[in-house]
Amino acid sequence: MPRISASKGEIPIGAVIVKNGRILSAAHNEKSNDPTAHAEIVAVRRACRVLGTWNLSGCTLYVTLEPCPMCAGALVLSRIRRLVYGCGDPRAGACGTLYSIPEDSRLNHRCAIAKGVLAKECSEVLVTYFEARRRRS
């Protein structure tokens, strides 16, 4: 999925939501005029439609890059049980790098976080994309 978004000129980030071993939704960053069209948000919206509810308790979100504050907030609001992400994001990471929104005890829901899963591979996809983009500019 990250390569799909890269082929469309968008940052190569992919997200998958799974429940009980079943893939509910898969998404990538979408090139649009919608600033909320991040892979995580699109995947959450699709999973909610599949389940017919806003409550994604028991679901795990797998994503290439550490979610930003908007996406981290969506994880809390949708009650995602677990987040698994590849590489951290030093510029906007809100799940352990700059902030830790899904683990904040002041919020009404928290989700477990597994960081750095396939980090090298995820990082290589992003680095390759941005190097190519800089060469084109």
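Our subject is the structure listed above.
Okay, so let's go over this structure. (Residues numbered from 1 in each chain as written. Predicted model: local features only at pLDDT ≥ 70, side-chain atom pairs only at ≥ 80, totals over all residues. Heavy atoms only, no water.)

This paragraph deals with the packing of aromatic side chains. For the structure on display, the rule yields one aromatic pair. Relative to Phe130, the ring of Tyr129 lies with its centre 5.0 Å away and its plane at 75°, an arrangement referred to as edge-to-face. Residue Tyr129 is classed as buried on the basis of its relative accessible area, which comes to 8%. The class for Phe130 is partly exposed, based on a relative accessible area of 28%. (Phe/Tyr/Trp six-rings, centres within 6.5 Å; stacked < 30°, edge-to-face > 60°. Buried < 20%, exposed > 50% of the residue type's maximum accessible area, 1.4 Å probe, protein only.)

As a further point, take the nonpolar core. The biggest cluster of nonpolar side chains holds 28 residues, and the ones touching the most others in it are Ile17, Leu56, Leu61, Ile80 and Leu83. Elements with a contribution of two residues or more to this core: β1 (14–19), β2 (22–28), α2 (39–51), β3 (59–65), α3 (69–77), β4 (82–87) and α4 (119–136). Among the elements that line this core, the one with the most residues is α2, at six residues. (Core = buried A, V, L, I, M, F, W, Y, C linked by side-chain atoms within 4.5 Å. Helix = DSSP H or I, 4+ residues; strand = E, 2+ residues; numbered from the N terminus.)

This paragraph deals with the environment of Ala119. Summarising the element assignment, Ala119 is placed in helix α4. Since its relative accessible area comes to 25%, Ala119 is described here as partly exposed. For the pair Ala119 and Cys71, spaced 48 residues apart in the sequence, the C-alpha separation amounts to 19 Å. The residues contacting Ala119, other than those within four sequence positions of it, are Gly86 and Cys87. (Contact = heavy atoms within 4.5 Å.)

This part is about the sheet that holds strand β5 (residues 112–114). Pairing in this open sheet of five strands is mixed, and the strands run β2-β1-β3-β4-β5 from one edge to the other. Every other strand in the sheet has two partners, leaving β2 and β5 as the edge strands with one partner each. Across the sheet, the mean angle separating the axes of adjacent strands is 15° when strand polarity is ignored. Each of β1, β2 and β3 is contacted by α2, which is oriented at about 145° to β2, the strand it contacts most. (Pairing = 2+ DSSP bridges. Axes fitted to C-alpha atoms, helices over the stretch in contact; angles between N-to-C directions.)

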